[in-house]
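A structural walkthrough
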Amino acid sequence: NNEEEDGQEVQTFIPPTTRYNQPIRHFPASIINNRKYQREILHTPPFHPPKSGAAENMIAHVCEVTCMEHVHWALAELLFNDKKVAKATHNMFAYRFHGDDDSTLVHDNDDDGEKGSGAKLASLLELSGAENVLVVVSRWYGGQLLGPARFKWIAGVARTGLVQGGFINGGD
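Rules used throughout
- Numbers given to residues run from 1 along each chain, matching the order in which its sequence is written.
- It should be noted that, the model being predicted, local features are given only for residues of pLDDT at least 70 and side-chain atom pairs only at 80 or more, the latter also being counted only at that level, while totals for whole chains, interfaces and linings use all residues.
- Side-chain metrics in this entry use all non-hydrogen atoms of the structure; hydrogen atoms and water are not considered.
- Basic side-chain nitrogens of Lys or Arg form a salt bridge, by our definition, when they fall within 4 Å of a carboxyl oxygen of Asp or Glu.
- In this text, helices come from DSSP runs of H or I with a minimum length of four residues, and strands from runs of E with a minimum of two, each type numbered from the N-terminal end.
- Any two of the Phe, Tyr and Trp rings considered here, Trp counted by its six-membered ring, make a pair once their centres fall within 6.5 Å; the pair's planes then place it as stacked at under 30 degrees, edge-to-face at over 60, or tilted in between.
- Here the term buried applies to any residue with accessible area under 20% of the maximum for its type, exposed to any over 50%, and partly exposed to those in between, with areas from a 1.4 Å probe on protein chains only.
- Placement of a positive charge over a ring is assigned whenever Lys NZ or Arg CZ falls within 6 Å of the ring centre and within 35 degrees of the normal to the ring plane.
- A 3.5 Å cut-off defines polar contacts: any pair of N or O atoms within that distance qualifies, except that in protein one atom must be a possible hydrogen donor and the other a possible acceptor, and neighbouring residues in sequence count only when both atoms are side-chain atoms.
- The criterion is simple. A nonpolar core is a set of buried Ala, Val, Leu, Ile, Met, Phe, Trp, Tyr and Cys residues joined through side-chain atoms within 4.5 Å.
- We call two residues in contact when some of their heavy atoms are within 4.5 Å.
- When DSSP finds two or more bridges between two strands, those strands count as paired.
- Every axis in this analysis is a line fitted to C-alpha atoms, fitted for helices over the stretch in contact. Angles between the N-to-C directions lie between 0 and 180 degrees.
- Helix span, as expected, comes to 1.5 Å for every residue beyond the first.
- As used here, the arc is the angular range of directions from the helix axis to the C-beta atoms.

A few words on the pattern of salt bridges. The final tally for this structure, using the stated rule, is 6 salt bridges. Taking the shortest distance from any N to any O, the salt bridge between Arg25 and Asp112 comes out at 3.3 Å. With Arg25 in strand β3 (residues 25-28) and Asp112 in the loop between β7 (105-110) and α4 (117-128), the pair connects residues that are 87 residues apart, well separated along the chain. A salt bridge links Arg150 to Glu114; its shortest N-O distance comes to 2.8 Å.

Each aromatic ring pair is specified by the distance between its two centres and by the angle formed by the two planes. Scanning the model with the defined rule gives 6 aromatic pairs in all. Here the aromatic rings of Phe27 and Phe80 are separated by 5.8 Å at their centres, their planes lie at 75 degrees, and the arrangement is edge-to-face. Within this pair, whereas Phe27 is found in strand β3, its partner Phe80 is found in helix α2 (residues 68-81), the two being separated by 53 residues in sequence. Judged by its relative accessible area of 2%, Phe27 falls in the buried class. Phe80 gets classed as partly exposed once you look at its relative accessible area, which sits at 29%. Ring-pair connections join several aromatic residues into one group, and the members of that group are Phe13, Phe27 and Phe80. Seen from the ring of Phe151, Lys120 lies directly overhead, with NZ or CZ sitting 5.9 Å from the centre.

A separate point is the side chain of Thr12. Position of Thr12 relative to the elements: it lies in strand β2 (residues 8-13). With relative accessibility at 4%, the residue Thr12 sits in the buried group. One polar contact links Thr12 to His26, side chain to side chain, over a distance of 3.0 Å.

Bringing the nonpolar core into the picture now. Of all hydrophobic cores here, the largest spans 22 residues; its most connected members are Phe27, Val71, Leu75 and Leu134. Those residues in contact with Phe27, other than ones at most four positions away along the chain, are Glu9, Val10, Gln11, Phe13, Ile32, His72, Leu75, Ala76, Leu79 and Phe80.

What follows covers the side chain of His70. Structurally, His70 is set in helix α2. A relative accessible area of 7% places His70 in the buried class. A polar atom in the side chain of His70 sits 3.0 Å from the backbone nitrogen of Thr66. Residues within four places of His70 in sequence aside, it is in contact with Lys36, Tyr37, Arg39 and Val65.

As a further point, take the sheet that holds strand β4 (residues 42-43). Pairing in this open sheet of 5 strands is antiparallel, and the strands run β4-β5-β8-β6-β7 from one edge to the other. Looking at the sheet topology across the chains shown, the edges are occupied by β4 and β7. Bridging between β4 and strand β5 (residues 57-64) involves 2 bridges; their strand directions are antiparallel. If you follow His43 over to β5, its bridge partner there is His61. Against the sheet, α4 contacts β6 (90-98), β7 and β8 (133-140), and its axis sits at roughly 35 degrees relative to β6.

Our focus in this paragraph is helix α5 (residues 149-164). The end-to-end C-alpha distance of α5, which contains 16 residues, comes to 23 Å, matching closely the 22 Å that a straight helix rising 1.5 Å per residue would cover. Of the residues making up α5, those classed as buried are Arg150, Phe151, Ile154, Val157, Ala158, Gly161 and Leu162. One side of α5 carries all its buried residues, which in axial view fall inside an arc of 140 degrees. Residues of α5 that are buried make contact with β4, β5, β6, α4 and β8. Phi turns positive, to about 80 degrees, at Gly166, one or two residues after α5.

Now for the environment of Gln144. Topologically, Gln144 is positioned in the loop between β8 and α5. A residue is classified by how much of its surface remains accessible, and Gln144, at 41% relative accessible area, is partly exposed. Along the primary structure Gln144 and Ser52 are separated by 92 residues, whereas in three dimensions their C-alpha atoms are 5.5 Å apart. If sequence neighbours within four positions are ignored, Gln144 has contacts with Lys51, Ser52, Gly53, Glu56 and Arg139.

Below is the structure:
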């Protein structure tokens, strides 16, 4: 969907269902169509949590970011150009990078309707010392409630992606 917001063209991602409380997301077309913001995104293999429903899977997507334009581009790339990610029950994320003056740490997170998961991812980035990175964990709900254990699996999948991407050491 193309629209205009504050005089700028934006592309809007509307989740396939409102059932899981995911927000509608707006991305500036000037960023997502600009190749200079393009990032290489690493994807982990699917993880199937123990004692979960047959369709339950989690995948981490990790890339280097050094500005908000990189974050917007990567999120838009995943949501608009990967049909499986677009249909995920949740795409929770956190990012952390140094701003232009190098003394400002820019960081934030979003749980995409999976309450508390974005904060867990942000905590993982902070505690592991990962910087200049965006981590997105896509979860496809399998019909079986996982309870608080889901946060352990979400963080574990994210950690695997951060290690595979070289953002943290495997022994951290």
